[in-house]
Amino acid sequence: MITVTGARKDFGTFRALDDVSIEIPSGTLTALLGPSGSGKSTLLRSIAGLESLDAGTVVIAGRDVTRVPPQQRGIGFVFQHYAAFKHMTVRDNVAFGLTIRRRPKAEVRAKVDELLEVVGLEGFQHRYPAQLSGGQRQRMALARALAVDPEVLLLDEPFGALDAKVRADLRRWLRRLHDEVHVTTVLVTHDQEEALDVADTIAVLNRGRIEQIGDPDTLYDAPDNQFVMSFLGSVSSVGGTLVRPHDIVLERPAPDDTRANGPGRVLATIERVVRLGFEVRVELRDADGERFAAEVTRGVAQQLGLVAGEQVWAVAPSHAVRDLPQPPDAGVPADAAEADEVASTAGVGEPARA
Ligand SMILES: Nc1ncnc2c1ncn2[C@@H]1O[C@H](COP(=O)(O)OP(=O)(O)OP(=O)(O)O)[C@@H](O)[C@H]1O
């Protein structure tokens with residue numbers, strides 16, 4: 001269990017963490033999710049001991065580590081850009097933490113063999129980091145972090161520098177790895193899909209505070225506020241009512257239709273119909289000029305004969321409507337934009353990049 005209580009961190013006059021408390025149960029995979037600058041990395045680095053808190057405590061496995069240096073916290077850390085030792089083979093990189101701890105050679109060999117298998121790099125042990133793909137390098141980084149049997153594994157956008165396909169493959173791989181190894185893992189990501197895909201629990205951060213903590217279903221289906229709802233998936237406003245696009249029901253107006261617009265029901269003009277595989281996204285504009293989107297199956301789209309320029313009723317069914325507050329003094333995020341952050345490449349308890 002990792003317990004952070006009342007964490008506060010200021011950089012000059014800027015408050016990066018504002019009274020953050022979170023409990024991360026042993027053996028779980030928790031994602032810290034939020035927009036750029038929300039404090040995710042600062043929270044992770046505070047757990048690692050790479051930042052010292054201005055107030056609050058960090059307890060790992062029952063031990064108060066608030067004032068304990070990073071090397072003595074029993075953590076493994078993997079960054080977006082992994083600082084591999086370029087002159088060392090994959091095997092020696094993975095063995096590094098064990099070698100500097102002067103573990104017996106046979107033990108190191110056995111442990112490294114096991115880890116190379118776990119991360120699927122058995123055939124690559126004699127290569128040098130420059131001879132690996134980005135995804136392979138990050139798997140090597142994970143093997144190296146796991147080699148010293150850390151109490152917790154802290155991952156800061158570990159797949160952030162990889163292309164979308166490799167990223168998706170690797171996060172599923174991480175999930176399977178976690179199910180095998182069960183080490184308590186905290187993953188920083190700004191990508192809601194990544195968080196929904198891999199995490200048991202998601203903590204949504206915004207402006208240095210935690211907006212909500214819960215399992216992916218709860219956060220998606222029962223968000224506490226508009227920020228969480230918008231951050232965890234797309235949202236449309238139907239006459240001022242917030243709803244997920246796939247929950248919107250479209251109806252053709254009857255020839256003698258005299259119904260008026262109301263909350264959760266508007267007559268809208270179809271601007272575009274976009275096919276997304278099995279689904280169709282219908283881009284709409286209401287009489288006030290408000291644009292929003294609905295998602296329906298291709299079957300429904302064909303049945304209704306949805307064509308640009310025509311009018312449809314867009315209805316937010318009452319079961320799907322969420323009357324949510326705004327979070328205190330915060331806005332709805334524009335979107336979960338790609339963070340163009342370049343993560344620090346410093347390692348924990350090891351020399352700088354060689
Ligand atoms: N060493 C520092 N000095 C000054 N300000 C900092 C420092 N580290 C972080 N900050 C600021 O604290 C805020 C939170 O940063 P943090 O890296 O935790 O955000 P994040 O949620 O991880 O964002 P990103 O996804 O962009 O990395 C940002 O506004 C950042 O500019």
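None of these values were measured; they are calculated from a predicted model. (Residues numbered from 1 in each chain as written. Predicted model: local features only at pLDDT ≥ 70, side-chain atom pairs only at ≥ 80, totals over all residues. Heavy atoms only, no water.)

Engineer: Can you walk me through empty space enclosed by the protein in this structure?
Structural biologist: Empty space among the atoms becomes apparent when a probe as large as a water molecule is rolled across them. Following the criterion strictly, the structure yields two cavities of 30 Å³ or more and no others. Taken as a whole, the largest cavity encloses approximately 40 Å³ of empty space. Together, Leu 146, Leu 153, Leu 174, Leu 177, His 178, Val 181, Val 183 and Thr 185 line the largest cavity. By residue number, the principal contributor to the lining of the largest cavity is helix H5 (residues 164-181), which donates four residues. A class-by-class count of the residues in the lining of the largest cavity yields six nonpolar, two polar and no charged. Empty space within the second largest cavity amounts to approximately 30 Å³. In terms of lining residues, the second largest cavity is bounded by Ser 46, Gly 49, Glu 51, Ser 52, Leu 53, Val 58, Thr 66 and Arg 73. (1 Å grid on protein atoms, 1.4 Å probe; cavity = no way out; pocket = protein on both sides within 12 Å on 5 of 7 lines; lining within 4 Å. Points joined across faces, edges and corners; volume = space filled by probe spheres on them. Helix = DSSP H or I, 4+ residues; strand = E, 2+ residues; numbered from the N terminus. Nonpolar A, V, L, I, M, F, W, Y, C, P; charged D, E, K, R; others polar.)

Engineer: What am I meant to see in the packing of aromatic side chains here?
Structural biologist: To describe a pair of aromatic rings, you give the distance between the ring centres and the angle between the ring planes. Following the criterion strictly, the structure yields three aromatic pairs and no others. Of note, Arg 244 hangs over the ring of Tyr 220, and the distance from its end group to the ring centre comes to 4.0 Å. We note Arg 265 situated over the ring of Trp 313; from NZ or CZ to the ring centre the distance is 5.3 Å. (Phe/Tyr/Trp six-rings, centres within 6.5 Å; stacked < 30°, edge-to-face > 60°. Lys NZ or Arg CZ within 6 Å of the ring centre and 35° of its normal.)

Engineer: Explain the packing of helix H2 (residues 90-100) against helix H3 (residues 105-118) to me, please; I cannot follow it from the model alone.
Structural biologist: At a minimum axis distance of 10 Å, the contact between H2 and H3 shows a crossing angle of 120 degrees. With respect to their mutual orientation, H2 and H3 come out oblique. For H2 against H3, the interelement crossing comes out right-handed. Of the residues in H3, those in contact with Val 90, Arg 91, Val 94, Ala 95 and Leu 98 of H2 are Val 108, Arg 109, Lys 111, Val 112, Asp 113, Leu 115 and Leu 116. Class assignment for the residues of the contact of H2 with H3 results in eight nonpolar, no polar and four charged. (Axes fitted to C-alpha atoms, helices over the stretch in contact; angles between N-to-C directions. Parallel < 35°, antiparallel > 145°, perpendicular 65-115°, else oblique. Left-handed = near helix turned anticlockwise from the far one by under 90°. Contact = heavy atoms within 4.5 Å.)

Engineer: Can you help me understand the pairing of strand E6 (residues 75-78) in this one?
Structural biologist: Along any regular strand, the residues point their side chains to alternate faces of the sheet. Every second residue of E6 is oriented toward a common face, with Ile 75 and Phe 77 on one face and Gly 76 and Val 78 on the other, all of them buried. Of the pairings in the sheet, the one linking E6 to strand E7 (residues 152-156) comprises four bridges and is parallel in character. Bridged to Val 78 within E7 is Leu 155. (Buried < 20%, exposed > 50% of the residue type's maximum accessible area, 1.4 Å probe, protein only. Pairing = 2+ DSSP bridges.)

Engineer: Can you help me understand a negative patch on the surface in this one?
Structural biologist: Where like charges cluster on the molecular surface, the negative patch consists of Glu 114, Glu 117, Glu 122 and Glu 180. As for its position among the elements, Glu 117 is in helix H3. (Patch = residues over 30% accessible without salt bridge, like charges linked within 9 Å, V, L, I, M, F, W, Y side chains within 5 Å. Areas by Shrake-Rupley, 256 points an atom, 1.4 Å probe, with all protein chains shown as cover. Salt bridge = Lys/Arg side-chain N within 4 Å of Asp/Glu carboxyl O. Lys, Arg positive; Asp, Glu negative; His and termini not counted. Charge placed at Lys NZ, Arg CZ, Asp CG, Glu CD.)

Engineer: Looking at this model, I keep getting lost on the pattern of salt bridges. Mind explaining?
Structural biologist: Where charged atoms of side chains with opposite charge meet at close range, the side chains can pair. Taken as a whole and assessed by the stated rule, the structure comprises 25 salt bridges. Between Asp 197 and Arg 171 there is a salt bridge, with its nearest N and O atoms 2.9 Å apart. Pair noted here: Asp 197 is in helix H6 (residues 192-198) and Arg 171 is in helix H5, with a separation of 26 residues, a long-range link. Close ionic contact of Arg 281 with Glu 283 constitutes a salt bridge, the shortest N to O distance being 2.8 Å. Owing to a relative accessible area of 24%, Arg 281 belongs among the partly exposed residues under this scheme. Overlapping salt bridges bring together Glu 157, Arg 167, Arg 171, Arg 172, Asp 191, Glu 193, Glu 194 and Asp 197 as one network.

Engineer: What exactly am I supposed to notice about the site of the ligand here?
Structural biologist: Neighbouring residues of the ligand: 13 residues in total, closest Ser 36, Gly 37, Lys 40, Ser 41 and Thr 42. Note that an oxygen atom of the ligand is positioned 2.6 Å from one of the side-chain N or O atoms of Ser 36. Breaking the shell around the ligand down by element, the ones donating at least two residues are strand E2 (14-24) and helix H1 (40-48). For the shell around the ligand, the leading source of residues is H1, giving three residues. (Near = heavy atom within 4 Å. Polar contact = N/O pair within 3.5 Å; in protein donor to acceptor, adjacent residues only side chain to side chain.)

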